[in-house]
Amino acid sequence: MRAAGSPLAMLLLGCGNMGQALVHGWRQAGLDLSRLLLVDPQAQPLADAQDLTVLAKPPEPAQAQDVVLLAVKPQVLPDVLPALQPFVAPHTLVLSIAAGVSVKSISAGLGGHQTIIRAMPNTPAAIQRGITAAVASAGVTEPQIAVADQLLQAIGKVRWVAQEAQMDAVTAVSGSGPAYVFYLLECLSSAAESAGLPADLARDPAVLRQQVTSPHGTTEAGLDVLMSGQGLAPLIRHTVEAAARRSRELGKEAGRNGAREGEARS
Ligand SMILES: NC(=O)c1ccc[n+]([C@@H]2O[C@H](COP(=O)([O-])OP(=O)(O)OC[C@H]3O[C@@H](n4cnc5c(N)ncnc54)[C@H](OP(=O)(O)O)[C@@H]3O)[C@@H](O)[C@H]2O)c1
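Residues numbered from 1 in each chain as written. Predicted model: local features only at pLDDT ≥ 70, side-chain atom pairs only at ≥ 80, totals over all residues. Heavy atoms only, no water.

Colleague: Help me understand the site of the ligand in this model?
Modeller: Taken together, 22 residues form the shell around the ligand, and within it Asn17, Met18, Asp40, Gln42 and Val72 come nearest. In the model, an oxygen atom of the ligand is placed 2.8 Å from a nitrogen or oxygen of the Met18 main chain. One of the backbone N or O atoms of Val72 is found 2.5 Å from an oxygen atom in the ligand. Compared with its free state, where it exposes 880 Å², the ligand has 75% of that area covered by protein. The residue inventory of the shell around the ligand, partitioned by class, reads 15 nonpolar, five polar and two charged. (Near = heavy atom within 4 Å. Polar contact = N/O pair within 3.5 Å; in protein donor to acceptor, adjacent residues only side chain to side chain. Areas by Shrake-Rupley, 256 points an atom, 1.4 Å probe, with all protein chains shown as cover. Nonpolar A, V, L, I, M, F, W, Y, C, P; charged D, E, K, R; others polar.)

Colleague: I tried to follow the pairing of strand β6 (residues 116-120) on my own but got confused; where do I start?
Modeller: On a regular strand, one side chain projects to one face of the sheet and the next to the other, so that they alternate. The buried fraction of β6 amounts to five of the five residues, a majority that puts the element mostly inside the structure. Here β6 shows two buried faces, one formed by Ile116, Arg118 and Met120 and the other by Ile117 and Ala119. Looking at chain direction, strand β5 (residues 93-96) and β6 are connected through three bridges and run parallel. Note that in β6 the partner of Leu95 across the bridge is Ile117. Read as a crossover between parallel neighbours, the route from β5 over helix α3 (residues 103-109) to β6 is right-handed. With four bridges connecting them, β6 and strand β7 (residues 130-136) associate as antiparallel partners. Residue pairing for β7: Met120 is matched across the bridge by Ala133. (Buried < 20%, exposed > 50% of the residue type's maximum accessible area, 1.4 Å probe, protein only. Helix = DSSP H or I, 4+ residues; strand = E, 2+ residues; numbered from the N terminus. Pairing = 2+ DSSP bridges. Right-handed = clockwise from strand over helix to strand, strands pointing away.)

Colleague: Would you explain the sheet that holds strand β8 (residues 156-160) in this entry?
Modeller: What links the strands of a sheet is backbone hydrogen bonding, and the strands pair in either a parallel or an antiparallel sense. Reading across the sheet, the eight strands line up as β3-β2-β1-β4-β5-β6-β7-β8 and stay open at both edges, with mixed pairing between neighbours. Each end of this open sheet is capped by a strand with a single partner; those strands are β3 (54-55) and β8. In the packing of helix α1 (residues 17-28) onto the sheet, contacts are made with β1 (10-13), β2 (36-39) and β4 (67-70), and the angle to β1 comes to roughly 145°. Of the strands in this sheet, β1, β4, β5, β6, β7 and β8 are in contact with helix α4 (residues 142-153), which crosses β8 at around 145°. (Contact = heavy atoms within 4.5 Å. Axes fitted to C-alpha atoms, helices over the stretch in contact; angles between N-to-C directions.)

Colleague: Whenever I open this one, the nonpolar core confuses me. Can you help?
Modeller: Here is a general trend for soluble globular proteins: nonpolar side chains tend to be buried in one another's company. By size, the foremost hydrophobic cluster in this structure holds 34 residues, and its most contacted members are Leu12, Val23, Trp26, Leu36, Leu38, Leu95 and Leu151. Of all the secondary structure elements, the ones that give two or more residues to this core are β1, α1, β2, β4, β5, β6 and α4. Apart from residues lying up to four places away in sequence, Trp26 is in contact with Met10, Leu12, Leu31, Leu33, Leu36, Leu69, Leu151 and Ala154. In this structure, Val72, Val88, Val94 and Ile116 belong to the second largest nonpolar core, which totals 18 residues. (Core = buried A, V, L, I, M, F, W, Y, C linked by side-chain atoms within 4.5 Å.)

Colleague: What should I look at first to understand helix α2 (residues 77-84) in this one?
Modeller: Structural remark: α-helix, 3.6 residues per turn; residues separated by three or four positions point the same way. All buried positions along α2 are accounted for by Leu77, Leu81 and Leu84. The arc that holds every buried residue of α2, seen down its axis, measures 65°, which confines them to one face. Looking at the buried residues of α2, the elements they touch are β1, β4, β5 and α3. (Arc of directions from axis to C-beta.)

Listed below in structure tokens is the structure:
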């Protein structure tokens, strides 16, 4: 167990988009990373933290950590969890950001470990503007919640939910939400073109939406509704048409009023 104020012994598994965003945020927040172990198969230095060593696999001999943070893809977890058991003592906080993977299955993969926090960030985390929802298993202590809160605040705001079942709603709203907003912008752009603006004035956010949309994932399921024939595109097109129509009417009314005032003055 670490003494109060001493650096956390922490193993971060996965240094992709989210792992790097976390490390970047921790540095910005001034966290002492002298006992941080980074593991990623590429073993490449991180763009924002060239001085930190990235190991291709967990080091040997294994030492129990204060925190083991799981930032690998959900489908990788079943394979890696058993190998992490030597790093996990009863006091170790396991913090997972893997989408959709339950506390129960993480616990099972770690031989029944009890202190687990599951968190769900969203893409604005890459620029430290994310919203992360988190839920703690029954075995997690208040000081561990405070540690997790501090670690996750490095990528934005943190909100704690009481029940794990609420994480599905979080995933559907804050996880997939950026894609819905990008699609709204896309619809506005194409409605702008339909209303007569040149294409270069109507920027295309489709690429951003595609970046957030994993095949067969939650965002794709939500977008299937939003992008259907009865979905957002026709609604936005009619909305923009109505507003443009009203703008033309107001112009005509102003013209008529101006003409009347001109006649009255003459
Ligand atoms: N990105 C988001 O907006 C977002 C939002 C919410 C939750 N999440 C969750 O965050 C997690 C990470 O997402 P991400 O976007 O950062 O994915 P990512 O960019 O693919 O990063 C995952 C990293 O883990 C590495 N990796 C693969 N196997 C490994 C192993 N055995 N040990 C250590 N590292 C390993 C990958 O290396 P290779 O590429 O070489 O395989 C990759 O560098 C996922 O579980 C995802 O569900 C992401």
